[in-house]
Amino acid sequence: MTGMRMRKSSALVWATGAVVAFLGALLAVPSAALAEEAAPTRAKEPAVISLGDSFISGEAGRWRGNGNTVFGSRYGTDLAAYDCKLWETSCSYDATRVYGSSYANGCNRSAGAEIHHLSTVRVNGQSFDIAEDNRLNIACSGATTADILRTSFKGERPQIEQLADHAAAKDIKLIVLSIGGNDIGFSKVIADCARVFSVVPEGQHCNETVGPQMPDRIDTMRTKVEQVLMAVQDTMGDAGYNDSDYRLVLQSYPSPIPRGEDNRYGEKYSRLYTGGCPFFNDDSDWARDALIPALAESHEQAAASVGGVDFLDLQDALEGHEVCAKGVKQSASGNTLQNPLPKAESEWARFIVSGLAQGQQQESMHPNFYGQQKMGECLDAMAETAARAFACDSPV
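Our subject in this report is the structure included herewith. Residue positions are counted from 1 within each chain, in the order its sequence is given. For a predicted model such as this one, the threshold for reporting local features is a pLDDT of at least 70, and the threshold for listing and counting side-chain atom pairs is 80 or more; totals across whole chains, interfaces and linings nevertheless cover every residue. Side-chain numbers come from the whole structure's heavy atoms, not from hydrogens or water.

To continue, consider the sheet that holds strand S8 (residues 247–251). Whether two strands pair comes down to DSSP finding at least two bridges between them. Put simply, DSSP marks the helices as runs of H or I at least four residues long and the strands as runs of E at least two long, and each gets a number from the N terminus on. Taken together, 6 strands build an open sheet; the order of strands is S6-S1-S7-S8-S9-S10 and the sheet is parallel. Each having just a single partner strand, strand S6 (135–137) and strand S10 (389–391) make up the two edges of the open sheet. Recorded for the sheet is a direction-independent mean angle of 20° between the axes of neighbouring strands. Note that strand S7 (residues 171–178) and S8 share 4 bridges and pair parallel. Residue pairing in the sheet places Leu177 in a bridge with Leu250 of S8. Relative to strand S1 (residues 46–52), helix H5 (residues 159–169) is tilted by about 180°, and along the sheet it contacts S1, S6 and S7. Note on method: axes are straight lines fitted to C-alpha atoms, helices fitted across the in-contact stretch only, with angles between N-to-C directions ranging 0 to 180 degrees. We call two residues in contact whenever any of their non-hydrogen atoms come within 4.5 Å of each other.

Okay, here's the thing in structure tokens:
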């Protein structure tokens, strides 16, 4: 009896083991499949992105210098010109060749905008190469701080929401921001200065009428810029980034015009009709030596106040190559798209278009193709170092 029980028990153990093994084999199939599905996803590609206004979106990037003519390629300066004939005196134009689809809503993100020159970023002791397709630009000409934080602008969602999307899709290594100029009405200041020169030359100059208002406007702007910087940091944190995973750079504005004494045209109407720089000497000095430095100081203070923000000082980036500056010139007859005026001899900001069929008024007084190239070189130089503050020196 005992032996019989032993044999039955052994049989039962064997049978039970077989069942367990069989079930294990069955269960192993979906487990393997689940393990395969749970394999790590492909690492996100490192990317950089620019936010803000026209000074970083690439406004005026259509123009490689300035050429004072309505015809053809405008002496080789109009990068939207194509199918040119008769020594480039007759051309067709397509601004989307420079601004792409953003030309339709006026954001004017140019192919040569600052961010597209950024090739390498150093973050937390490690260098990252950035492919061209991962140099992203969501800045929009005319944007204010509100258009970054909460307002739909020109048919696009707030830039902070767009940033969140890109932060999820890419491994963002650097964010560069240009903002605040439209909050203080910078374009209207330029228009007021030009109007006084060209329409009411005997009236008060804009440094006298607008100048006293600027300190309060800039103080208010700084608070708004700080809010944007904190919102960017919060957005990146919500996307799973640590502060050490990326760099946030706030940049200042370059001056598009020289000081009065550095203007190659006399204080006459040639500044308006020939040079495209209709500003009195005292207004030019105020803009170059008071307004632009005050903006730079305010941005530097905002970066320091928020913390964890790098500062790129661009106020001298175009010096010696501003509109109407001595030592450089406009393109002229004989310059073409294939034979442009060299960069070293050209103006790096867009002149004010006055009665000429040349592009859009909103392009006036912005860094042109050459200016954006210079700003991009400065950003790239900063990004390759661990510097928390970087000044873009005057061109040599």
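It is worth spelling out the state of the cysteines at this point. Cysteine sulfur atoms are paired as a disulfide whenever they come within 2.5 Å of each other. Applying the stated rule across the entire model yields 5 disulfides. With its sulfur 1.8 Å from that of its partner, Cys378 forms a disulfide with Cys392. Taken together, the residues Cys378 in helix H11 (residues 369–383) and Cys392 in the segment after S10 connect sequence positions 14 residues apart. Relative accessibility under 20% of the residue-type maximum defines a buried residue, over 50% an exposed one, and the middle range a partly exposed one, all with a 1.4 Å probe and only protein chains included. Judged by its relative accessible area of 6%, Cys378 is buried. Each bonded cysteine of the protein gets a number by its place in the sequence, and the pairs then read 1-2, 3-4, 5-6, 7-8, 9-10.

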